[in-house]
Amino acid sequence: MPARLGRTAAPDGVRVTVRQVASHAGVSTATVSRALAGSTGVAESLRRRVLDAAATLNYRPNRAARSLRARRSLTVGVVIPDIQNFFFTGILGGLEHVLQAGGYAFLLGNSDGRADRERLYIETLREEGVAGLIIVPTQSEPHEYRELQAAGVPLVTLDRSANGLSVDHVTVTNREGVRDAVRHLIALGHERIGFVGGPEHLNVAQDRLAGYEEALTIAAIPVDRSLIQSSDFQQSGGRAATDALLRLPRSPTALFVANNLMTLGAFEALHERKLRIPDDVAVVSFDDMPWATSLHPPLTAVAQPTFELGVTAAQLLLDRFREPHRPFRRVVLETQLIVRGSCGSRAGSRA
Ligand code: RIB
């Protein structure tokens, strides 16, 4: 069952009213309601005064009353593919930051990357009467999500997308991020660069592979298919794929690994062979990680703005609630190559 997040009760049981917040902030009750709903027509200074007053008084919206007035549930459904992957922690933080400010809670489901689990969670969340859904899709095929659209359920896809689906979407510069990172490895003198990719059916994995191939083409280095291993975005998969690359007769002098968990697996495979990073094999990861600077050597990574991804997805959904017929938006956030020691460059420089 989805876990209920984002809901807190007034500790002393006394419910603070909108009128009290308005009086404390020195604004009208209408301004308080608009500010808390995230409406665009409120000056930032007033919004800040209202939020500060609400925090000071420990105001908690009367969700049942608001739900009745708004004729909409004040709960949102969120489905992610891997609750154990810390990449999604930053996303959930950003989601919660915006949804709570807007008076919404969210129910979280973990699809485990499986279409059947995702389908079950979508059905369950709809039965719960959620106001809308934010999904990191397990499938690239749109038919899985068209039924939601036909039913008029507000839907935002995040990170991975479903091909050809007309829906609000937020992701990052997957292809450009990989291209620039691999070009950085080429600039360091590497030509035999192994690629450990994600599941081939996911468009984020396809885009990252395209960035790798583009970087080689720009440098007029032929793409050697034996240097490309597809895997599963999991640590064990990253280790197995790296093992396969290291068993090649002419093994790579550098590795680009297409996500955080597989990078940890690649490190395992290299350390098991007592291969030195970067002297024997340089390593660059897609996805930064909280302990990147604790690894030895510190990890060079293509960082995604995870908190901002979550913030943007939640804002897209709240905008959809306010304007159901607004044009769909596709927001692409910038990745950033953070150069540390694992690629062999001077540690701490920004590429
Ligand atoms: O590590 C999880 C991966 O899946 C991340 O790269 C993120 O982009 C998601 O697609």
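For the structure, check the block above.
Since we're looking at a predicted model, the values are computed, not measured.

Draft legend 1. Representation of the sheet that holds strand E7 (residues 193–197) in the model. Ordered by their spatial adjacency, 6 strands build an open sheet running E8-E7-E9-E10-E11-E13, and the pairing between neighbours is mixed. Here the strands that pair on one side only, and so sit at the sheet edges, are strand E8 (228–230) and strand E13 (336–338). On average, each strand axis in the sheet is inclined to that of its neighbour by 15 degrees, with strand direction left out of account. Judged from the 3 bridges that link them, strand E10 (residues 282–286) and strand E11 (residues 300–303) form a sheet pairing that is parallel. When the sheet's bridge partners are listed, Val284 is paired in E11 with Thr300. Helix H10 (residues 235–246) contacts E7, E8 and strand E9 (254–257) of the sheet and is inclined by roughly 150 degrees relative to E7.

Draft legend 2. Representation of the nonpolar core. Core analysis: the biggest nonpolar cluster contains 79 residues, and Val76, Val78, Ile134, Val182, Tyr212 and Phe256 have the highest contact counts within it. Of all the elements, helix H12 (residues 306–322) adds the most residues to this core, at 8 residues. In this structure Phe256 touches Val178, Ala181, Val182, Ile193, Gly194, Phe195, Val196, Val284, Ser285, Phe286 and Val302, once residues within four positions along its chain are discounted. Formed by 15 residues, the second largest nonpolar core is a distinct cluster that contains Leu125, Leu133, Leu148 and Leu165.

Draft legend 3. Quick peek at the packing of H10 against helix H11 (residues 260–272). Interhelical geometry of H10 versus H11 gives an angle of 45 degrees and a closest axis separation of 6 Å. Taken as axis vectors, H10 and H11 run oblique relative to one another. Considering only the axes of H10 and H11, their crossing is right-handed. Residues Gln235, Gly238, Arg239, Thr242, Asp243 and Leu246 of H10 lie in contact with H11, whose contacting residues are Leu261, Met262, Leu264, Gly265, Ala266, Glu268, Ala269, Leu270 and Glu272. Within the contact of H10 with H11, the residues separate by chemical class into 7 nonpolar, 4 polar and 4 charged.

Calculation criteria
- Residue indices begin from 1 for each chain and proceed along its sequence in written order.
- In keeping with the predicted nature of the model, local features appear solely for residues at pLDDT of at least 70, side-chain atom pairs appear and are counted solely at 80 or more, and the whole-chain, interface and lining totals rest on all residues.
- Only hydrogens and water are set aside when side-chain values are computed; all heavy atoms of the structure are taken into account.
- Two strands are said to pair when DSSP picks up at least two bridges between them.
- Helix and strand definitions here come from DSSP, where helices need a minimum of 4 consecutive H or I residues and strands a minimum of 2 consecutive E residues; each element is numbered from the N-terminal end.
- Simply put, an axis is a line fit to the C-alpha atoms, just over the touching stretch for a helix, and the angle between two N-to-C directions goes from 0 to 180 degrees.
- In this description, contact between two residues means that some pair of their heavy atoms is separated by no more than 4.5 Å.
- In plain words, nonpolar cores are sets of buried Ala, Val, Leu, Ile, Met, Phe, Trp, Tyr and Cys residues tied together by side-chain atoms within 4.5 Å.
- Each residue is placed in one exposure class: buried if its accessible area under a 1.4 Å probe, protein chains only, is under 20% of its type's maximum, exposed if it is over 50%, and partly exposed if it falls in between.
- Orientation is classified from the angle alone, with under 35 degrees giving roughly parallel, over 145 giving roughly antiparallel, 65 to 115 giving roughly perpendicular, and any other angle giving oblique.
- Here a crossing is called left-handed whenever its near helix is offset anticlockwise from the far helix by less than a right angle, and right-handed whenever the offset is clockwise.
- For this classification, the nonpolar set comprises Ala, Val, Leu, Ile, Met, Phe, Trp, Tyr, Cys and Pro, the charged set comprises Asp, Glu, Lys and Arg, and every other residue, Gly included, is treated as polar.

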